[in-house]
Amino acid sequence: MSTTGQDVLSVRDLRVWYGTERGAARAVDGVSFDLRPGEILGLVGESGCGKTTLGRGLLGLLPRGAFVDGDVTFKGKPMPAVASKEYRALRGAELGMIFQEPMTRLNPLMRISEHFEETVRAHHPGVSRERVRHAALEVLRVMGIPPTRYRSYPHEFSGGMRQRLTIALALVLRPAFIVADEPTTALDVLVEAQIIKILADLRREFDTSLLLITHNLGIVSEACDRVAVMYAGRIVEIGDARQVFRSPQHPYTQELLRSTISLSTTGLSFIPGSPPDLVDPPAGCRFHPRCPHAMRVCATQAPVPLEVAGGQRVECWLHGPESQVPPGGGEPLHVREELSVADEA
Amino acid sequence: MAVMRRVLAPFRETVGFSRWMLLAGIVIVAFFVVLAVGAEWIAPYGYAQKSADGVDFPKLAEPGGDHLLGTDRLFFDVWSRVVWGARTALEVIVLAVAGSMILGLALGLVSGYVGGWFDRILVLVMDALYAFPPLLLAIVFGFLLADKIGAGVVSAALSLTVVYLPQYFRVVRNSTISARESTYVEAARALGAPGRTVITRYLFGNVIHSVPVIGTLNAADALGTLAALGFLGLGIQPTDGADWGFDLSRALDDASSGIWWTGVFSGAAIVLLITGLTLVGEGLNETINPVLRKKRLQKIRREETIR
Amino acid sequence: MPTKPEAARAPRRAEHDETLLSIRDLRVHYALRGSSLARLFGRDVGTVKAVDGIDLEIAKGEVLGLVGESGSGKSTLGRAVLGLAPITGGSIAYEERRIETMSGRALREVRRNLQMVFQDPSAALNPAMDIETAVGHPLRIHRLARGDELRRRVVDALERVGLSPADQFLTKYPGELSGGQKQRAVIARAIILDPVLLIADEPISMLDMSVRSKLLQLMLDLKADLDLTYVYITHDLASAKFFCDRVAIMYLGRVVEIGTTEEIFADPKHPYTQSLVGAIPDLDPDRSTPRDLPRGEIPDAASPPLGCAFHPRCPQAFDKCGWESRDLRVLLESHWTTVPEAEYDAERAIIGDVDALDLPDHVAALPAGRGHSGGDVERVLDTIHAADPDEPFWRGVRQRRVVDAGVGIDFHEGEDPALRPAGGVQVACHLYPPPGDAAGPPPQPKE
């Protein structure tokens, strides 16, 4: 991965809070990361960790009443305030989105050709039908959809084909950045593998950076260049995917990898407890109540992001800095809060 | 218990215009309920009373004096007729709505769950009923019932029940059919639950929520139909009870001779109660229907986010 | 390589002699109703063979995995065992009793012993019923307990599935619980009748990764404590490998491979099994290898492919597998996804209407387009053949006839492979012919 190119997207201290009846839910709470051109960044974590909110927040697709703050730089230029009108104009042309359920994104009454025409003309009014067809067939070919089907209706396609269609629709304007939110969750195993292969091949055909949100760690290992592990609204570990999977540095990443059932699973292991309530997250490190290595300092002070030997950035007191740990802070946290199965499930 | 909680939950969540609609409707309806319940005390005379203390009422007396809203050509006290009319109207509406609701719910549940020929025949019958103009249907049934049980509150309520039954049936049957395919119903069958249990314990609680809205909307409609029946002389006989529609038809001739008080008040009562019931219905609809409902989302202030 | 904790596995093996459930030639067909016009006249347009001739024995105490993609009929099979799907033919025998003949009371009675856990825990619980009522309902339905006894057993079942302290959950409604908690409640409801067999239909697939292993552990514990037999329906081979004693791989209503978990995973025989195993993304970044994925998706069960149902996707298919006209259309279309637009436009003009190919037949006619001849069509086919000579399609072509109007293609007559022993497992695939059958080893060696 070359680092010479300018970052496509650079996010600093992004926060997305929702108002709920019980108070503000800090779904994304101080997230920073960079995305390089043509890179696929996997975003993983349990549900309720803010993955989807982060993805939608970056595209300005948030419900009314949500609070967004932070700096987003896109292709070197500071972005207009997220959720502003100017931001929305970038959607589709520069920022794309792929959703979990493809059929909800396709209009059953419109031919595929009309979908493409509408998408292209929304940003480039007056483009001829012929040029739209040319651009569309180009992306459809990469997605493995035969050009004979260009005039078909969405219902004439199978589930996997529909997801390829929505990817093609997101790509036809050649956006520089796409958020794919669990794009394969609704699909079958073999079709999922096909789609993952297509996404992994994208960087060869298009110059698009992808934020791939998934709960399937195998997909990340298979398709992503880098991975960000999210827990309770924060990125706790981010780095080269191979590196993170080979030697995870944050206890949460370690536990997440260990609890995943794969072909080589010989015994079950799991993380006690469940992700915290985002309205009232635990003090200090948000993972400390579930962490097997929790220390005293973890319960009181939020950890500092730190670059570790493998090159990944980790938020965990185990990696220091020593100078900021108060005296005695390194002692193991004996009184781990009682975790009954009731809370976890 | 659970059903009540689910039914009542939206009330607490109502906001804005729909809440005002609901409130205004409730106030209007409550006013008539008070009239109906307390008719004995509120109305100075009976609904078919033509004299008091041995003195006959004057015919077509102007409002004022002994008769607050005057008397009509049958020597009845108009104010008393309006008050007693509220009782008749509410009795008929409550009976008719409750009847069609209960019957429609039961038939809809069974028809939707059992399916097959039973369902087809019922749907056919209900659709046929639905296709008739409501008034025509009510007239036909009013005639038939008047023969059998007399033209009283019960027969009026029964003929209205028939008119509104298909609406409940259709709504309940449709939601039963979709609920029947849900996993929890399949799960209940997997547990070994017989059909009766599935209907009462698994389907009932999940299809009932659509019924109250139709109930209130229908109530307004039913009042209109009842008034029309009365206007045509097929409603309640003046000696059996006060009927606003009947009074209105009697007042027709008076209107041309400058006698306004015999018609205006019963007419206004009809309009007001229909308005009240409609407001309640629409208010409920906006509250209960999740598509129309505006949920309260708290706004976050910037200061809160700075730690 | 042990795939399970030794302690848990050793005692289970010996018990697997007693047959609990025996399924013979089971068929579940659904009548398909077509367009609204056909529906208006009540005309049936076809049948979907959701389950089409399945034989299975389930031994007491084992965990049998039914694995396949959606549309493979695995869920229908599970439901048929409980009498929840209409059985068209064949038999299901549970301890002398024949489930396919039962109805009403008898069926409800037998369901005391056979219970089910569903994929979506949120949908499997009545949203209008609190947990105490829901979990205790089976006991009330079967009039087995009431009052304090009922409550005691509900509390007991909740504690057993880890919902403790149970008091906290009794008055809750499903909407107030997390996904994992709901699934635990569903399991509590299933075990409260003390069943013999539990059919678990994708019990963990809707749950979060970190919750899945907790639920699997719970199911293992319950199995040991309550002496349960499981049918574990899943599309996730990784969890099946860990959890099951035997695995049946299903495709389009049939079992295509069945055997012990060890044998299936050590040496998957059916090309479909091979591709399923290969499709699981590996967590270890150093091990992930480029894969040869089968193309396309599971076909429409209303008109399944001729011959072997997997042949259109199979990388190893050969002449016997049942090639037909629809495969020609797929071949053309997938070829057109590889060529530039101009070339496609040119070739598309040469070939006429391809819609006629959608009627399955062993003979296909590829018409020439307006102003073109059969020779032109033949040239396009040659180009396609030359571009990918290893394409299995060409192995199915018996002869090509070039006429003026186009090209006629005759395919080899296919054959539907039956489930046959191969090694330690049973496979339905022509690559593994019955002993003594000279009908042909595959033309190319399996790699």
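Residues numbered from 1 in each chain as written. Chains lettered and ligands numbered in written order. Predicted model: local features only at pLDDT ≥ 70, side-chain atom pairs only at ≥ 80, totals over all residues. Heavy atoms only, no water.

Peer 1: Please clarify how the overall build of chain C should be interpreted in this entry.
Peer 2: The number of helices and strands found in chain C is 16 helices and 15 strands. Burial statistics for chain C: of 447 residues in total, 57% are counted as buried. Taking all contacts inside chain C whose residues are at least 6 apart in sequence as the whole, residues at least 24 apart take part in 66%. (Helix = DSSP H or I, 4+ residues; strand = E, 2+ residues; numbered from the N terminus. Buried < 20%, exposed > 50% of the residue type's maximum accessible area, 1.4 Å probe, protein only. Contact = heavy atoms within 4.5 Å.)

Peer 1: Help me out: how do you make sense of the side chain of C:N126 in this one?
Peer 2: Residue placement: C:N126 occurs in the loop between α5 (121-124) and α6 (131-141). Owing to a relative accessible area of 1%, C:N126 belongs among the buried residues under this scheme. Within polar-contact distance, the side chain of C:N126 engages the backbone nitrogen of C:A128 at 3.0 Å. Once residues lying within four places of it in the same chain are set aside, the contact partners of C:N126 are B:Y184, B:R201, B:Y202, B:N206 and C:P174. (Polar contact = N/O pair within 3.5 Å; in protein donor to acceptor, adjacent residues only side chain to side chain.)

Peer 1: Even after reading the chapter, I still don't get the interface of chain C and chain B, so can you show me in this structure?
Peer 2: Interfaces are often sized by the amount of accessible area the parts lose when they come together. Each side of the interface is counted separately: chain C has 27 residues, and chain B has 18 residues. When the two sides are added together, the surface that chain C and chain B hide from each other amounts to roughly 2000 Å², 56% of it contributed by carbon and sulfur. Looking at the side of chain C facing chain B, the largest losses of area belong to C:L84, C:N126 and C:I141, adding up to 22% of the total buried there. Summed over the shared surface of chain C and chain B, the result is one salt bridge. Measuring nitrogen to oxygen at the nearest pair gives 2.6 Å for the salt bridge that ties B:E186 to C:R79. At the boundary of chain C with chain B, the tally comes to eight residue pairs in polar contact (both at pLDDT 80 or more). (Buried area = accessible area lost by both parts, 1.4 Å probe. Salt bridge = Lys/Arg side-chain N within 4 Å of Asp/Glu carboxyl O.)

Peer 1: I tried to follow the sheet that holds strand β5 (residues 97-98) of chain C on my own but got confused; where do I start?
Peer 2: The pairing of strands in a sheet happens through backbone hydrogen bonds and is either parallel or antiparallel. Residues and elements named next belong to chain C. Taken in spatial order, the four strands of this open sheet run β2-β1-β4-β5, and their pairing is antiparallel. Edge positions in the sheet fall to β2 (46-59) and β5, since each has one partner strand and no second. Where strand β4 (residues 89-94) meets β5, two bridges bridge the pair, whose relative direction is antiparallel. Among the inter-strand pairings, A93 is bridged to a residue of β5, identified as R98. The strands touched by helix α3 (residues 74-81) within the sheet are β1 (19-32), β2 and β4, with β1 carrying the most contacts at an inclination of about 115 degrees. (Pairing = 2+ DSSP bridges. Axes fitted to C-alpha atoms, helices over the stretch in contact; angles between N-to-C directions.)

Peer 1: For this particular structure, what's the right way to read the domain arrangement of chain C?
Peer 2: Its domain assignment divides chain C into domain 1 (1-113 + 195-280 + 307-312 + 417-447), domain 2 (133-189) and domain 3 (323-411). A straight line from the C-alpha centre of domain 2 of chain C to that of domain 3 of chain C covers 61 Å. (Domains from an automatic or database assignment.)

Peer 1: Just to check I follow, could you spell out the packing of aromatic side chains for this structure?
Peer 2: By convention here, two paired aromatic rings are described through the distance between centres and the angle between planes. All names here are of chain C. Summed over all chains, the structure comprises 15 aromatic pairs over all chains. Between the aromatic rings of F393 and F411, the centroid separation amounts to 5.6 Å while the plane-to-plane angle is 80 degrees, which identifies the pairing as edge-to-face. Of this pair, F393 sits in the loop between α16 (374-387) and β12 (397-403) while F411 is found in strand β13 (residues 406-411), placing the two residues 18 residues apart along the sequence. Relative accessible area serves as the criterion here: at 1%, F393 is assigned to the buried category. (Phe/Tyr/Trp six-rings, centres within 6.5 Å; stacked < 30°, edge-to-face > 60°.)

Peer 1: Before we go on, may I ask you to explain the interface of chain C and chain A in this structure?
Peer 2: Listed as interface residues are 63 residues of chain C and, on the opposing side, 55 residues of chain A. Scanning the region where chain C abuts chain A turns up two salt bridges. The residue A:R133 makes a salt bridge to C:D345 at a minimum N-O spacing of 3.1 Å. Contributing elements (two or more residues each) for the side of chain C that touches chain A: α8 (167-170), α9 (179-191), α10 (209-226), α11 (237-243), α13 (271-279), α14 (325-336) and α15 (341-350) of chain C. Here the element with the most residues in the side of chain C that touches chain A is α10(C); it accounts for nine residues. In terms of residue class, the side of chain C that touches chain A is made up of 25 nonpolar, 19 polar and 19 charged. (Nonpolar A, V, L, I, M, F, W, Y, C, P; charged D, E, K, R; others polar.)

Peer 1: Got a minute to help me understand the packing of helix α6 (residues 134-149) of chain B against helix α10 (residues 211-231) of chain B in this structure?
Peer 2: When two helices pack together, their arrangement is captured by the angle between the axes and the distance separating the axes. Residue and element names in this part refer to chain B. Running from amino to carboxyl end, α6 crosses α10 at an angle of 55 degrees, the nearest separation of the two axes being 10 Å. Here α6 is positioned oblique relative to α10, judged by the angle of their axes. For the crossing formed where α6 meets α10, the hand is right-handed. Here α6 contributes L135, A138 and I139 to the contact with α10, which in turn contributes T225, A228 and L229. Broken down by class, the residue content of the contact of α6 with α10 amounts to five nonpolar, one polar and no charged. (Parallel < 35°, antiparallel > 145°, perpendicular 65-115°, else oblique. Left-handed = near helix turned anticlockwise from the far one by under 90°.)

Peer 1: Can you walk me through the nonpolar core in this structure?
Peer 2: A general feature of soluble globular proteins is that nonpolar side chains tend to end up buried together. Counting 219 residues, the largest nonpolar core has B:W244 and C:F243 as its most contacted members. Sorting elements by how many residues they give to this core places helix α4 (residues 78-114) of chain B first, with 14 residues. Aside from chain neighbours lying at most four places away, what touches B:W244 is B:F32, B:R81, B:V82, B:G85, B:A86, B:A89, B:L223, B:S266, B:A269, B:I270 and B:L273. One finds A:Y150, A:L173, A:V220 and A:I271 within the second-largest nonpolar core, a separate group that totals 72 residues. (Core = buried A, V, L, I, M, F, W, Y, C linked by side-chain atoms within 4.5 Å.)

Peer 1: What is the right way to look at the confidence of the model for chain C in this model?
Peer 2: Interpretation of this model should avoid reading the predicted coordinates in detail wherever pLDDT is low. Residue and element names in this part refer to chain C. Here chain C averages 84 in pLDDT, while 89% of its residues score no lower than 70. Predicted confidence for residues 1-14 stays below pLDDT 50, and this span has 26 contacts to residues more than four positions away or in other chains. Overall, residues 441-447 carries pLDDT values under 50, and its contacts beyond four positions in sequence, including any with other chains, amount to ten contacts. (pLDDT = per-residue confidence, 0-100.)

Peer 1: Can you walk me through the side chain of C:R212 in this structure?
Peer 2: Along the chain, C:R212 turns up in helix α10. When near neighbours in sequence (up to four residues on either side) are disregarded, C:R212 contacts A:H215, A:I261, C:I204, C:S205 and C:L207.

Peer 1: Looking at this structure, how should I read helix α6 (residues 189-205) of chain A?
Peer 2: One turn of an α-helix holds 3.6 residues; hence residues three or four places apart share an orientation. When the terminal C-alpha atoms of α6(A) are compared, their 24 Å separation across 17 residues agrees well with the 24 Å that a helix rising 1.5 Å per residue should span. Of all 17 residues making up α6(A), twelve are buried, and the element is well covered by its neighbours. Regarding α6(A), the residues found buried are A:V189, A:L190, A:V191, A:E192, A:A193, A:Q194, A:I195, A:I196, A:I198, A:L199, A:A200 and A:L202. Those residues of α6(A) that are buried are in contact with β3 (40-44), α4 (129-143), α5 (159-171), β8 (209-213) and α7 (217-223) of chain A together with α13 of chain C. (Expected span 1.5 Å × (residues − 1).)

Peer 1: Mind showing me how you'd approach the sheet that holds strand β2 (residues 23-35) of chain A here?
Peer 2: All names here are of chain A. Reading across from one edge, β2-β1-β4-β5 is the order of the four strands in this open sheet, with antiparallel pairing throughout. Each having just a single partner strand, β2 and β5 (77-78) make up the two edges of the open sheet. When strand β4 (residues 67-74) meets β5, the two strands line up antiparallel, connected through two bridges. Residue F74 lies in a different strand from β5, and its bridge partner there is K77.

Peer 1: Please clarify how the pattern of salt bridges should be interpreted in this entry.
Peer 2: Side chains bearing opposite charge may pair, as long as their charged atoms lie close to each other. Residue and element names in this part refer to chain C. The tally for this structure, following the rule as stated, stands at 46 salt bridges over all chains. We note a salt bridge from R329 to E333, for which the minimum N-O separation is 3.2 Å. Of this pair, R329 and E333 both sit in helix α14, four residues apart, roughly one helical turn. By relative accessible area, which is 16% here, R329 ends up buried. In this structure, the salt-bridge partner of R400 is D382, at a minimum N-O distance of 3.1 Å. Taken together, the residues span a long stretch of sequence, with R400 in strand β12 and D382 in helix α16 at a distance of 18 residues. We classify R400 as partly exposed; its relative accessible area is 25%. Overall, D382 belongs to the partly exposed group, its relative accessible area being 35%.

Peer 1: Help me out: how do you make sense of unusual backbone geometry in this one?
Peer 2: A negative phi angle characterises most non-glycine residues, just as the trans form characterises most peptide bonds. For A:R174, which is not glycine, the phi dihedral falls at a positive 50 degrees. Mapped onto the secondary structure, A:R174 falls in the loop between α5 and β7 (177-181). Here A:R174 falls in the partly exposed class, since its relative accessible area comes to 43%. The residue C:D25 is not glycine, and still its phi comes out positive at about 45 degrees. Considering the arrangement of structural elements, one finds C:D25 in strand β1.

Peer 1: Sorry, what's going on with the pairing of strand β10 (residues 254-260) of chain C here?
Peer 2: Within a regular beta strand, the side chains point alternately toward one face of the sheet and then the other, so they alternate between its two faces. Residues and elements named next belong to chain C. Along β10, five of the seven residues are buried, which leaves the element largely enclosed by surrounding structure. Taken together, the six bridges between strand β9 (residues 246-251) and β10 define a ladder with antiparallel strand orientation. From the neighbouring strand, V247 faces β10, where its bridge partner is G259. Taking the residues that link successive antiparallel strands as the turn, the β9-β10 hairpin has two residues, and the phi of L252 there is positive, at about 50 degrees.

Peer 1: Sorry if this is basic, but what is going on with helix α3 (residues 112-123) of chain A here?
Peer 2: Compared with the 16 Å implied by 1.5 Å per residue over twelve residues, the 18 Å span of α3(A) between its first and last C-alpha is a close match. Taken together, the buried positions of α3(A) are A:I112, A:S113, A:H115, A:F116, A:E117 and A:V120.

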